[in-house]
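For reference, the chains in residue letters:
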Amino acid sequence: MKRYLLQPLIKGSMVVLPLLITIWLLWSALMWLNGLGLSLLASLHIPSIFPGMGLLLMLLALLSVGLLFQFNPVSWLYQYVEDALLRFPLVKTLYGAVKDFAAMFDQEKQHNQQVVLVDMPGDAQLLGFITASKIPPAVQNAGDKEELVAVYLPMSYMVGGYTLFVPRARLTMLDWSFEDAMRFALTAGVSQSQARKIKEPLWPLNGDDKNKDASE
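Residues numbered from 1 in each chain as written. Predicted model: local features only at pLDDT ≥ 70, side-chain atom pairs only at ≥ 80, totals over all residues. Heavy atoms only, no water.

An account of the packing of aromatic side chains is needed here, citing residue identities and associated values.
Summed over the entire model, instances satisfying the criterion amount to three aromatic pairs. When the ring of Phe69 is compared with that of Tyr78, the centres are 5.1 Å apart and the planes differ by 75°; the resulting orientation is edge-to-face. Owing to a relative accessible area of 32%, Phe69 belongs among the partly exposed residues under this scheme. A residue is classified by how much of its surface remains accessible, and Tyr78, at 33% relative accessible area, is partly exposed. Between Trp76 and Tyr80, the ring centres sit 5.8 Å apart and the planes meet at 20°, which makes this aromatic pair stacked. Of this pair, Trp76 and Tyr80 both sit in helix α3 (residues 72–85), four residues apart, roughly one helical turn. (Phe/Tyr/Trp six-rings, centres within 6.5 Å; stacked < 30°, edge-to-face > 60°. Buried < 20%, exposed > 50% of the residue type's maximum accessible area, 1.4 Å probe, protein only. Helix = DSSP H or I, 4+ residues; strand = E, 2+ residues; numbered from the N terminus.)

If you had to explain helix α2 (residues 53–68) to someone new, which residues and values would you point to?
Here α2 spans 22 Å end to end across 16 residues, near enough to the 22 Å set by a 1.5 Å rise per residue. Buried within α2 are the following residues: Met53, Gly54, Leu55 and Met58. (Expected span 1.5 Å × (residues − 1).)

Put into C-alpha cells, the structure is as follows:
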C-alpha cells in the first residue's frame, strides 16, 4: 500500500512543484513591476484606469530605455554617469555586482562566454567559463610568463564559485552553450531539462499533404 501511494505522490510532486515555483517566481516579478508602475502613477497623481496598468507602464518604460540606447549620445551620457558612480567604493561594489549578475542573462554575452574544461592534478577536469582574457597586471607579473586567463568555476547547488587564474595551455575549449553548461554545473548534472524538438508537425501546415493523400 505504501509503494502504491508514495510513488505517485513523489511523481506528482516532481511534475507540479517545478511548474508552481516557476509560475510563482514569474508572477512575483510581474507583480513587483506592476507595483513600481503604480507607485510612479501615484507620484504623478495619475489614476490607474485598468488592472495591470503599472506593469504596462514599466514594460513601456523598459522598451523606451532600450530604444534610446540605440543612439550614441544616450550611450555616451550613460557611460559618463556610470563612470562617475563607480568612483565611490561602496557604490562600485554594489552596482558592479548587480550589473555583472544581470549581464549573465544577456544573450549576446552568453554567446561570447567560452565554456572550458580546466585540467586539474591527476585525471580530473573541472567545468568553467572564461570571464576575462585580460587579467590585472599585478596578477600576471606575480607569476611566470605563461599567458593567464580568468576562469570562473561555479559550485553545484550554490550561488557562488571560484575565480582561478589558469594558464591557457591547461584549458580545453568546448563547443557547449553557456546556458546548458551553467545549468549542468549548478545542478551537478542532475537537471538537463530542455524543450523537446518536434520532428514532425502535429497537423499539416497547408493543404498539400491532404491533396497528396487524396491523389494516392
